[in-house]
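So the chains spell out like this:
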Amino acid sequence: MEDFIGKLLLKWRIRTVLPHIQGKLLDMGCGTNDLVRTYGNGIGVDVFQWENVDMVVQNTANLPFDNESFDTVTCIAALNHIPNRNEVLKESFRILRPEGKIIITMIPPGISRIWHLLRKPWDADQKVRGLKQGEVYGLSIRVVRNLLIEAGYNIVYEKSFMFGINTLTIAKKNRI
């Protein structure tokens with residue numbers, strides 16, 4: 001069964017994020033890797049072998065990249081699916097160049113729970129992969145902010161989109 005709504009919302013997220021990406025991109029939790037394929041200069045990593053993923057890793061907190069390898073890291077509608085969020089954000093900090101930025105989109109837990117329940121028959125994430133231990137339904141803006149600050153980032157931009165349901169958060173790597 002085709003997931004038309006899911007694809008439409010993915011395109012919306014990509015359109016929202018694209019103008020903020022610069023330089024070499026790493027998309028963590030890339031899923032089917034649509035963002036990297038649209039942007040054209042980067043690598044998509046995931047812990048699951050989705051179609052078109054560039055690199056499957058055991059743990060996104062331990063990536064096979066040199067320090068300061070990327071200008072932008074994205075985590076689009078995926079941070080809630082990463083159980084070791086703190087460690088993964090610290091790893092993204094390591095691989096970002098000075099003044100590099102991380103871009104996250106996220107919906108809040110209540111909306112996410114309802115959304116996943118309504119979409120269960122069409123949602124490949126639920127049908128194919130399933131939720132793993134430590135994954136949660138969405139993250140609040142406050143939780144995303146705190147995770148980023150704890151990892152060493154400065155939040156530079158926040159904007160609601162998708163009729164206020166989703167939030168785009170951009171943070172820059174602090175100078176050390």
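Each chain carries its own residue numbering, running from 1 in the written order of its sequence. Local features in this predicted model are restricted to residues of pLDDT 70 or higher, and side-chain atom pairs are both shown and tallied only at a pLDDT of 80 or more, whereas totals for entire chains, interfaces and linings draw on every residue. By convention in this description, side-chain values take in all heavy atoms of the structure and omit both hydrogens and water.

S.K.: Sorry, what's going on with unusual backbone geometry here?
M.R.: Negative phi is the rule for most residues except glycine; trans is the rule for most peptide bonds. Its identity is not glycine, yet Asn52 carries a phi of approximately 75°, on the positive side. Here a helix means four or more residues in a row that DSSP labels H or I, a strand means two or more in a row labelled E, and each is numbered from the N terminus. Relative to the helices and strands, Asn52 is located in the loop between β2 (42-46) and β3 (55-56). Relative accessible area decides the class of each residue, using a 1.4 Å probe on protein chains only: under 20% of the type maximum gives buried, over 50% gives exposed, and in between gives partly exposed. Residue class for Asn52 comes out partly exposed when judged on its relative accessible area of 36%.

S.K.: Is there a simple way to think about the sheet that holds strand β5 (residues 96-106) in this case?
M.R.: Two orientations exist for strands paired in a sheet by backbone hydrogen bonds: parallel and antiparallel. With respect to topology, 7 strands assemble into an open sheet ordered β3-β2-β1-β4-β5-β7-β6, the strand pairing being mixed. Only two strands of the sheet have a single partner each, and these edge strands are β3 and β6 (153-161). For strand β1 (residues 25-28) and strand β4 (residues 70-76), the ladder comprises 3 bridges, and the chain directions are parallel. Across the sheet, Leu25 pairs through a bridge with Thr72, a residue of β4. Any two residues whose heavy atoms approach within 4.5 Å are treated as being in contact. Inter-axis angles, ranging from 0 to 180 degrees, are taken between N-to-C directions of lines fitted to C-alpha atoms, where helices are fitted over the stretch in contact. Against the sheet, helix α3 (residues 85-95) touches β1, β4, β5, β6 and β7 (166-173), its axis set at about 145° to β5. Contacts from helix α6 (residues 141-150) reach β5, β6 and β7, with the element oriented near 160° to β6. A pair of strands is treated as paired once DSSP finds two or more bridges between them.

S.K.: Looking at this structure, I do not really get the packing of aromatic side chains. What am I missing?
M.R.: How two aromatic rings sit relative to each other is given by the distance of their centres and the angle of their planes. Note on aromatic contacts: the rings of Phe and Tyr and the six-membered ring of Trp form a pair at centre separations within 6.5 Å, being stacked when their planes are under 30 degrees apart, edge-to-face when over 60 apart, and tilted otherwise. Counted according to the given criterion, the structure contains 4 aromatic pairs. Ring centres of Phe65 and Phe70 lie 5.0 Å apart, and the angle between their planes is 85°; on these two criteria the pair is classed as edge-to-face. On the basis of relative accessible area, Phe70 is assigned to the buried category, the value being 0%. Their ring planes at 80° and their centres at 5.3 Å tell us that Phe93 and Tyr153 sit as a pair that is edge-to-face.

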